[in-house]
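# Tertiary structure, described
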Amino acid sequence: MNRSTLLRAAVAAASVSLLAACGGNASADGEEKKPSSAASTPSGADAFTVTHVGGPTAVLEIAGQRILIDPTFDAPKKYKSGMSKIKGPAFGPEKLGKIDAVLLSHDQHDDNLDGKGRELLKDVPVVFSTPGAHKRLGDHITPLKSWEQRELKSSGGTIKVTAVPALHGPDGVDRGADGEVTGFVLSGKGVPTTYISGDNASVKVAKQVGDRIKKDIGAIDTAVLFAGAARTPAILDNAPLTLTSKNAALVAEDLNPRKVVPLHTDSWDIYSEDIKSLVKAFKDQGIDGKLVDLEPAGEKKNLS
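Overview of the structure. (Residues numbered from 1 in each chain as written. Predicted model: local features only at pLDDT ≥ 70, side-chain atom pairs only at ≥ 80, totals over all residues. Heavy atoms only, no water.)

### Quick look at the pattern of salt bridges
Where charged atoms from two side chains of opposite charge come close, those side chains can pair. The full count for this structure, using the stated rule, is 14 salt bridges. Residue Arg 258 pairs with Asp 221 through a salt bridge whose shortest N-O separation is 2.9 Å. Here the residue Arg 258 occupies a position in the loop between α5 (245-255) and β16 (259-263), and Asp 221 occupies one in the loop between α4 (203-216) and β15 (222-226), the gap between them amounting to 37 residues. Close ionic contact of Lys 301 with Glu 299 constitutes a salt bridge, the shortest N to O distance being 3.1 Å. Judged by relative accessible area, which is 38%, Glu 299 ranks as partly exposed. Residues participating in the shared-partner salt-bridge network are Glu 61, Arg 66 and Lys 300. (Salt bridge = Lys/Arg side-chain N within 4 Å of Asp/Glu carboxyl O. Helix = DSSP H or I, 4+ residues; strand = E, 2+ residues; numbered from the N terminus. Buried < 20%, exposed > 50% of the residue type's maximum accessible area, 1.4 Å probe, protein only.)

Right, dumping it as structure tokens:
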């Protein structure tokens, strides 16, 4: 190899090293190439995604683990409780894939745990829920009281799961065992701190939870808010049992997460407000840029 050839090779090698350090790519002759779209999408332990199944049901991929929220997989039907499911899930349990854990806000109501959802729980390694759910569903449920913590470990790291308060109705009500619900916080080293509200209707409770998260854990990266203003004439004179659109926007403004994942606005007849009213409320507060568009249901959305 002559001197000229050696010089060109050295320049090309230097270009590759420099571009790699800056996040770019280069060909063997030193020409820069743009990174592919696949390279910009996190995978494995680095993935942070959400897939909306329908209603409150979603799959979070975080820190190398796949976590299912409030499993509801029945086809449309009317339940003994009087509520009706009016739209089926984006896909069934057979297409769900491996699930490492379930976060179950509560088991008492069909819109958060339906027939097929109950069947699925027995095949999941870990199910976190309320003490009441443990009594009703059995020992495969790990009960968590508010602010109690457990860990989920995998090759991708450790996720700390913290149960947090939720109020299934307006401020000041006490619905007893029927209204026992929980929210969750996911956190840990390299884990985006994620607040999952569960069926909470109270801005005050969400603010108290947010204040403690910020103090004890740190800034909230992502908030998964159950909205839809669920109502039923049989409970509290039709008062909202989950966040109204306006209150969801107020909660998001106070928590100030980087992103907001809106759940619990579709597929059931108990919702008095939908995703359109939620988007409007967020626009009115000037924070609609935080909302994650979950359409179409069943499509994985990047949260990184």
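From this point, the discussion proceeds with the structure in view.
### Some thoughts on the sheet that holds β15
Overall, mixed pairing links the 6 strands, which are arranged β11-β12-β13-β14-β15-β16 in an open sheet. Among the strands making up the open sheet, the edge pair consists of β11 (149-154) and β16. On average, adjacent strands in this sheet sit at an angle of 20° to one another, irrespective of strand direction. Two strands pair when backbone bridges link them, and strand β12 (residues 157-164) and strand β13 (residues 183-187) are joined in this way by 5 bridges, in the antiparallel orientation. Within β13, the position partnered with Lys 160 by the bridge is Ser 187. Contacts from α5 reach β14 (194-196), β15 and β16, with the element oriented near 160° to β15. (Pairing = 2+ DSSP bridges. Axes fitted to C-alpha atoms, helices over the stretch in contact; angles between N-to-C directions. Contact = heavy atoms within 4.5 Å.)

### Describing the sheet that holds strand β17 (residues 300-302)
In space, the 7 strands of this open sheet follow the order β10-β9-β8-β5-β4-β3-β17, with mixed pairing throughout. Pairing within the sheet leaves two strands with one partner each, and these edge strands are β10 (141-143) and β17. Across the sheet, the mean angle separating the axes of adjacent strands is 25° when strand polarity is ignored.

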